[in-house]
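# Survey of secondary and tertiary structure
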Amino acid sequence: MNNDTNISFLERVRSALHLIEDAILVGLLLLMIGMSVIQIFLRNLFESGISWSDILVRVLVLWVGLVGAMVASRQNNHITIDILNRYLPTRIKVLAGFITELFTALICSVMAYYSLVFVQMEFSDGGNVFAQVPSWLCVAIIPFAFTVIALR
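Residues numbered from 1 in each chain as written. Predicted model: local features only at pLDDT ≥ 70, side-chain atom pairs only at ≥ 80, totals over all residues. Heavy atoms only, no water.

### A word on the overall build of the protein chain
The secondary structure content of the protein chain amounts to five helices and two strands. Element order for the protein chain, N to C, with α for helix and β for strand: α-α-α-β-β-α-α. By the compact-globule yardstick of 15 Å for 152 residues, the protein chain is too spread out, its C-alpha radius of gyration being 20 Å. Each principal axis of the C-alpha atoms in the protein chain carries an extent, and together these give about 65 × 40 × 35 Å. The 152 residues of the protein chain split such that 24% are buried. When contacts within the protein chain are restricted to residue pairs at least 6 apart in sequence, those whose partners lie at least 24 apart make up 66%. Working note: accessible area of the protein chain is about 11100 Å², and carbon and sulfur atoms make up 69% of it. (Helix = DSSP H or I, 4+ residues; strand = E, 2+ residues; numbered from the N terminus. Rg over C-alpha atoms; globule rule 2.2 N^0.38 Å. Buried < 20%, exposed > 50% of the residue type's maximum accessible area, 1.4 Å probe, protein only. Contact = heavy atoms within 4.5 Å. Areas by Shrake-Rupley, 256 points an atom, 1.4 Å probe, with all protein chains shown as cover.)

### Comments concerning the nonpolar core
Counting 26 residues, the largest nonpolar core has Leu66, Ile142 and Phe146 as its most contacted members. If you list the elements that add at least two residues to this core, you get helix 1 (2-46), helix 2 (53-74), helix 3 (90-125), helix 4 (135-139) and helix 5 (141-151). Here this core takes nine residues from helix 2, the largest share from any one element. With residues up to four places along the chain from it excluded, the contact list for Leu66 reads Ile141, Ile142, Ala145 and Phe146. (Core = buried A, V, L, I, M, F, W, Y, C linked by side-chain atoms within 4.5 Å.)

### Here we look at the packing of helix 2 against helix 5
At a minimum axis distance of 9 Å, the contact between helix 2 and helix 5 shows a crossing angle of 10°. Compared by their axis directions, helix 2 and helix 5 come out roughly parallel. Together, Leu62, Trp63, Leu66, Val67, Ala69, Met70 and Ser73 of helix 2 and Ile141, Ile142, Phe144, Ala145, Phe146, Val148 and Ile149 of helix 5 make up the contact between the two elements. (Axes fitted to C-alpha atoms, helices over the stretch in contact; angles between N-to-C directions. Parallel < 35°, antiparallel > 145°, perpendicular 65-115°, else oblique.)

### With respect to the layout of surface pockets
Looking at the second largest pocket, its volume works out to about 220 Å³. What lines the second largest pocket is Leu17, His18, Ile20, Glu21, Ile24, Trp63, Val67, Met70, Ile141, Phe144, Val148 and Arg152. When contributions to the lining of the second largest pocket are tallied by element, the ones reaching two or more residues are helix 1, helix 2 and helix 5. With five residues, helix 1 is the single largest residue contributor to the lining of the second largest pocket. Of the residues in the lining of the second largest pocket, the class split is nine nonpolar, one polar and two charged. (1 Å grid on protein atoms, 1.4 Å probe; cavity = no way out; pocket = protein on both sides within 12 Å on 5 of 7 lines; lining within 4 Å. Points joined across faces, edges and corners; volume = space filled by probe spheres on them. Nonpolar A, V, L, I, M, F, W, Y, C, P; charged D, E, K, R; others polar.)

Here you go:
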């Protein structure tokens, strides 16, 4: 009975984390679209705009892309080249899938490490990107996303 309770609890935590991840993705996308629309209206109607809006939208594109990649890896919906998969026998498909996933995890781990080094360099530089937002915070999603993808 206790084991079922733990599994149920872990499944609820996992579902909650997935829901949070989806909500963050939707929120970032809506913010990106909203900022772009506001900027268009301000420029066309009032011949002005928010000075840092374009930079924010660029940062949001990075965040939406990487959070989207995290969601795609969770759903096993990422980009694959499966031409060999069609012609391989079932046993070899399993082995090829394992090797591919292991290689992907290795590459994502290397990317996570070097992007963490990049974030640390940005932190030590202490620069701001826009509206007093530090540059390291804008790129902090990179090591986080690659770590999550590597673990999945």
